[in-house]
Amino acid sequence: MASDIVAELAPTGVLRAGINLSNFLLVTRKSANGDPEGVAPDMAREVALRLGVAVKYVPFKTPGELADEAGRDVWDIGLIGAEPQRAETIAFTAAYCEIEATYLVPAHSPLNATSDVDAEDVRIAVTGRSAYGLWLERNIRRAGLVRTETLDDAFDAFVREGLDALAGLKPRLLADQAKLPGARILDGRFTSVQQAIGTAKSNAAGATFLRGFVEEAKSSGLVARLIARHAVRGLSVAPAA
């Protein structure tokens, strides 16, 4: 491994991997010592193996908090959804996996398709600064967004305030649907969250290495094996860049 790549991605001698704990598809549990386990932590561990260093997990409650620390010597790589706003400070790889995002609507809702949701007087509950929430901020023109801190808060606001739609990742919405008799998940998706690996924009050599790693991880079947290992439903391998 080239010394400049290791110097950029593991300047302290270990790979500090920023992990978003709120993504229940990519972080499925914690180990006995408290480390996160799942597809994202395993991807970080594979990067560390390629670099020949140990991995140290740096957990964050939300992806927004992880993104805020870009370039501040807190983490060396961050595993979150690649979004244009985040790409202003983070050099992302192409996606290694994708997650479908859509809407849950209450019983007797007149909304039947994802395209129906962006309408006057429609209010959407969404977890603020999530990847799909950032997409909605860029693309919703007529409906109103009710932003919350967490996934659970978004569901609570949807129910408590009688909102018209709950935006989220489809696997989570399936669980929420089970709590609300008659609620429906709209067919299709409004976006697909692109889960990627990022590093500080100053790490040019490291970013190039990470892009190559992700493409190899997809083509070799590594990402598919990690998804199967953790028995994750609703997660698919992203296409080649």
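Quantities reported herein were computed from a predicted structural model and do not represent experimental measurements.

So, how was this worked out
Residues numbered from 1 in each chain as written. Predicted model: local features only at pLDDT ≥ 70, side-chain atom pairs only at ≥ 80, totals over all residues. Heavy atoms only, no water. Axes fitted to C-alpha atoms, helices over the stretch in contact; angles between N-to-C directions. Helix = DSSP H or I, 4+ residues; strand = E, 2+ residues; numbered from the N terminus. Parallel < 35°, antiparallel > 145°, perpendicular 65-115°, else oblique. Left-handed = near helix turned anticlockwise from the far one by under 90°. Contact = heavy atoms within 4.5 Å. Phe/Tyr/Trp six-rings, centres within 6.5 Å; stacked < 30°, edge-to-face > 60°. Buried < 20%, exposed > 50% of the residue type's maximum accessible area, 1.4 Å probe, protein only. Nonpolar A, V, L, I, M, F, W, Y, C, P; charged D, E, K, R; others polar.

**Quick look at the packing of helix α2 (residues 39-51) against helix α8 (residues 222-229)**
Helix packing geometry: the angle between the two helix axes and the distance between the axes. At a minimum axis separation of 10 Å, α2 and α8 run at an interaxial angle of 140 degrees. Here α8 runs oblique to α2, going by the angle between their axes. Crossing of α2 against α8: the hand is right-handed. Judged by residue contacts, Val-39, Asp-42, Met-43, Glu-46 and Arg-50 of α2 engage Leu-222, Val-223, Leu-226, Ile-227 and Arg-229 from α8.

**Some details on the packing of aromatic side chains**
Within the structure shown, the criterion is met by 2 aromatic pairs. When the centroid spacing of 4.6 Å and the interplanar angle of 35 degrees are considered together, the rings of Tyr-103 and Phe-190 count as tilted. Separated by 87 residues along the polypeptide, Tyr-103 in strand β7 (residues 97-105) and Phe-190 in the loop between β11 (184-185) and β12 (191-200) bring together distant segments of the chain. Pair check on accessibility: Tyr-103 and Phe-190 agree, each one buried. Judged by centre distance (5.5 Å) and plane angle (35 degrees), the ring pair of Trp-135 and Phe-190 falls under tilted. Placement of the pair is Trp-135 in helix α4 (residues 131-139) and Phe-190 in the loop between β11 and β12, with a sequence separation of 55 residues. Classification of Phe-190 as buried rests on a relative accessible area of 11%.

**With respect to the packing of α2 against helix α7 (residues 204-219)**
Between α2 and α7, the least distance of the axes is 11 Å, while the angle of their chain directions is 120 degrees. Every pair of crossing elements has a handedness; the one defined by α2 and α7 is right-handed. Facing Met-43, Glu-46, Val-47, Arg-50 and Leu-51 of α2, the residues of α7 in contact are Phe-209, Leu-210, Phe-213, Glu-216 and Ala-217. Of the residues assigned to the contact of α2 with α7, the class counts are 7 nonpolar, no polar and 3 charged.

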